[in-house]
Amino acid sequence: EFPNFFILYGPGTNGGEIVTMLESQAEYAVRAMRRMRRERVTAIEVRPWFDKKWNRWLQHKMRGTSWTMSNNYFKAPTGKVVTQWPIGCTVYRLLTKVLGRVSETTRRRQGSRPFTPPLAFWRRHGPGTTCARSCASARRRPSATRCSRA
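Residues numbered from 1 in each chain as written. Predicted model: local features only at pLDDT ≥ 70, side-chain atom pairs only at ≥ 80, totals over all residues. Heavy atoms only, no water.

Draft legend 1. Region of interest: the pattern of salt bridges. Across all of its chains, the model carries 5 salt bridges by this definition. Residues Arg35 and Glu39 are paired through a salt bridge, measuring 3.4 Å at the closest nitrogen-oxygen approach. For Glu39, a relative accessible area of 26% corresponds to the partly exposed category. The partner of Glu104 in a salt bridge is Arg35, with the nearest N and O atoms 2.2 Å apart. Note that Glu104 is positioned in strand β2 (residues 104-107) and Arg35 in helix α1 (residues 18-38), a separation of 69 residues in sequence. The pair formed by Glu104 and Arg35 is uniform in burial state, with each residue classed as buried. Several salt bridges converge on common partners, so that one network encompasses Arg35, Glu39, Arg101 and Glu104. (Salt bridge = Lys/Arg side-chain N within 4 Å of Asp/Glu carboxyl O. Buried < 20%, exposed > 50% of the residue type's maximum accessible area, 1.4 Å probe, protein only. Helix = DSSP H or I, 4+ residues; strand = E, 2+ residues; numbered from the N terminus.)

What follows is the structure in structure tokens.
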């Protein structure tokens with residue numbers, strides 16, 4: 001169990017165009033985090049039954065590939081190919097979009113609320129800014145209403 005753990009270029013993702021794979025993974029992680037914030041969820045992780053089914057399906061797709069027929073570093077000691085993705089990037093991209101909600105389970109801590117920055121942050125930085133550090137320019141000029149970086 002690893003709630004809120006997102007890994008890029010992890011097991012079963014090496015294959016095809018790596019940049020496309022990384023983009024798909026990053027987009028999936030961002031969608032999941034936005035969903036967490038929108039639905040006030042404090043933890044998200046892969047459903048155990050989905051993980052088992054996914055890995056069985058992935059190993060099935062590996063059958064007959066050169067990765068399964070030779071001794072190489074792609075294999076775990078059990079003989080399973082753990083690093084490769086045997087299908088094209090387009091399929092991977094589609095699956096990261098379609099299977100997200102089906103594969104996830106979420107939970108909330110009782111009484112938890114999503115993080116909302118204090119009002120002073122919004123006065124200094126303005127809504128929609130990405131500046132998360134306390135702003136040195138606003139501290140030097142207390143009368144400033146917006147961050148000079150905003």
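Draft legend 2. Looking closely at the side chain of Arg35. You can call Arg35 buried: its relative accessible area is 10%. Excluding its chain neighbours within four sequence positions, the residues that come into contact with Arg35 are Arg40, Ile44, Arg101, Glu104 and Thr106. (Contact = heavy atoms within 4.5 Å.)

Draft legend 3. Expanded view of the layout of surface pockets. Within this model, the largest pocket holds a volume of roughly 1,200 Å³. What lines the largest pocket is a set of 36 residues, and nearest its centre among them are Ile7, Pro11, Val46, Asp51 and Trp54. The set of elements that each furnish at least two residues to the lining of the largest pocket consists of α1, β1 (43-46), α2 (48-62), α4 (89-98), α5 (100-103) and β2. Broken down by class, the residue content of the lining of the largest pocket amounts to 20 nonpolar, 11 polar and 5 charged. (1 Å grid on protein atoms, 1.4 Å probe; cavity = no way out; pocket = protein on both sides within 12 Å on 5 of 7 lines; lining within 4 Å. Points joined across faces, edges and corners; volume = space filled by probe spheres on them. Nonpolar A, V, L, I, M, F, W, Y, C, P; charged D, E, K, R; others polar.)

Draft legend 4. Structural detail: α4. Those residues of α4 that fall on the buried side of the exposure criterion are Cys89, Tyr92 and Thr96. End-on, the buried residues of α4 take up no more than an arc of 60 degrees, which puts them together on one face. With respect to the buried face of α4, the exposed residues turned more than 90 degrees away are Thr90, Leu94 and Val98. Taken together, the buried residues of α4 touch α1 and α5. (Arc of directions from axis to C-beta.)

Draft legend 5. Expanded view of the packing of aromatic side chains. Going through the model one piece at a time under the given rule, you end up with 10 aromatic pairs. Arranged with centres 6.2 Å apart and planes meeting at 70 degrees, the rings of Trp67 and Phe74 form a pair that is edge-to-face. In this pair, the class of Trp67 matches that of Phe74, namely buried. For the ring pair Trp85 and Tyr92, a centre distance of 5.1 Å and an interplane angle of 80 degrees mean the geometry is edge-to-face. For the residue pair Trp85 and Tyr92, the accessibility class agrees, reading buried in each case. Members of the aromatic cluster, connected to one another through ring pairs, are Trp49, Phe50, Trp54, Trp57, Trp85 and Tyr92. (Phe/Tyr/Trp six-rings, centres within 6.5 Å; stacked < 30°, edge-to-face > 60°.)

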